[in-house]
Amino acid sequence: SSGRTNNATQLTVANRPYYVTNALNGLPVVRFNGTNSYLNLPEFFTSSEALVVVKVATNWSGAQQTLWKLGGSSGVGFYPYTDGSLKDDFGSIIVNSMGVPSQPLTQYHVYNVMGSNGSWAAWINGVLQAQMPTNTYGYWGGTTTLGSHISGSYPFAGDVAEVLLFNRTLTGSERSTVNAYLNGKFGLVPAVPATPTNLVAQAVS
């Protein structure tokens, strides 16, 4: 459910994920079975940044899984792909590859991605996972999904505790604030501090 009525829905009973109470820091999660469960989302034409608290059922199963379909490419994003790497087209007309994360995906974590004209980046628990110096913004002009690609293909196996979508990219301080909110609410790792600027080192010997 959404405070702005952007609710996720699934009218087919057999395709509904489970609502699991007291799963994470005393709060509920939505659990996708990796077989046929997914949710339909409203059309987010202006979404430019997203944060999601998520956990994958298995870190690498050899099977392709899709967390959502929100991006503007004709391809498929994977969370994870068969080799354990991540791919996403959120806010982009192409699928961006992010490599294999050092963060175990089987632990609850914050996945953060932003896309705008001229910039695309993704973080896990505040640590930069990938950054593209060029990007063309794009969105999916149809029914978007959570827990699968279009119409339930490449189903996701794991838990989702919260999804935040913004209609613009966040500033660095705003991003840190939202990460701190999610980390505090769900009892995750502390937010990683921003990289210091004007750092000076002096040799002592």
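Residues numbered from 1 in each chain as written. Predicted model: local features only at pLDDT ≥ 70, side-chain atom pairs only at ≥ 80, totals over all residues. Heavy atoms only, no water.

## Let's talk about the overall build of the protein
Within the protein one finds one helix and twelve strands. Starting at the N terminus and walking to the C terminus, you meet the elements of the protein as β-β-β-β-β-β-β-β-β-β-β-β-α. Taking the principal axes of the C-alpha coordinates as reference, the protein spans close to 70 × 40 × 35 Å. Here the protein holds 205 residues, and 43% of them are scored as buried. Intrachain contacts of the protein at a sequence separation of at least 6 include 61% that bridge at least 24 residues. Carbon and sulfur atoms form 54% of the exposed surface of the protein, whose accessible area is close to 10300 Å². If the 9 positive side-chain charges of the protein are averaged to one point and the 8 negative ones to another, these points end up 5 Å apart. (Helix = DSSP H or I, 4+ residues; strand = E, 2+ residues; numbered from the N terminus. Buried < 20%, exposed > 50% of the residue type's maximum accessible area, 1.4 Å probe, protein only. Contact = heavy atoms within 4.5 Å. Areas by Shrake-Rupley, 256 points an atom, 1.4 Å probe, with all protein chains shown as cover. Lys, Arg positive; Asp, Glu negative; His and termini not counted. Charge placed at Lys NZ, Arg CZ, Asp CG, Glu CD.)

## A look at unusual backbone geometry
Here the amide bond leading from Y79 into P80 is cis, since omega sits at 0°, within 30 degrees of zero. Along the chain, the position of P80 falls in the loop between strand 5 (68-69) and strand 6 (86-88). Positive phi outside glycine occurs at T5, with the angle close to 60°. Mapped onto the fold, T5 is located in the segment before strand 1 (18-24). Relative accessible area serves as the criterion here: at 62%, T5 is assigned to the exposed category. Positioned with a positive phi, N22 is a non-glycine residue whose angle comes to about 50°. Its location among the elements puts N22 in strand 1. Looking at N22, the relative accessible area reads 59%, which means it is exposed.

## Section: the packing of aromatic side chains
Tallied over the full model, the rule gives seven aromatic pairs. A ring pair is formed by W68 and F90, whose centres lie 6.0 Å apart and whose planes are at 35°; its orientation type is tilted. Linking W68 in strand 5 with F90 in the loop between strand 6 and strand 7 (96-99), this pair joins segments that are 22 residues apart in sequence. As far as the burial class goes, W68 and F90 line up, both buried. By the ring-pair criterion, three or more aromatic residues cluster together here, those being W68, Y79, F90 and Y111. Positioned above the aromatic ring of W140, the side-chain terminus of K69 is 4.6 Å from the ring centre. Above the plane of the ring of Y81 lies K87, whose end atom (NZ or CZ) is 5.0 Å from the centre. (Phe/Tyr/Trp six-rings, centres within 6.5 Å; stacked < 30°, edge-to-face > 60°. Lys NZ or Arg CZ within 6 Å of the ring centre and 35° of its normal.)

## Describing the nonpolar core
In terms of nonpolar packing, the biggest core is built from 25 residues, with V54, L67, W68, Y79, Y111, V113 and F156 touching the most fellow members. Examining the composition of this core, we find that four residues originate from one element, strand 4 (residues 49-56), more than from any other. When neighbours within four sequence positions are excluded, Y79 is seen to be in contact with V54, V56, Q65, T66, L67, L86, L105, H109, Y111, I124 and F156. Formed by 13 residues, the second largest nonpolar core is a distinct cluster that contains Y108, L164, F186 and L188. (Core = buried A, V, L, I, M, F, W, Y, C linked by side-chain atoms within 4.5 Å.)

## Examining the side chain of T66
Its location among the elements puts T66 in the loop between strand 4 and strand 5. Looking at T66, the relative accessible area reads 0%, which means it is buried. A distance of 3.0 Å separates a polar atom in the side chain of T66 from the backbone oxygen of G77. (Polar contact = N/O pair within 3.5 Å; in protein donor to acceptor, adjacent residues only side chain to side chain.)

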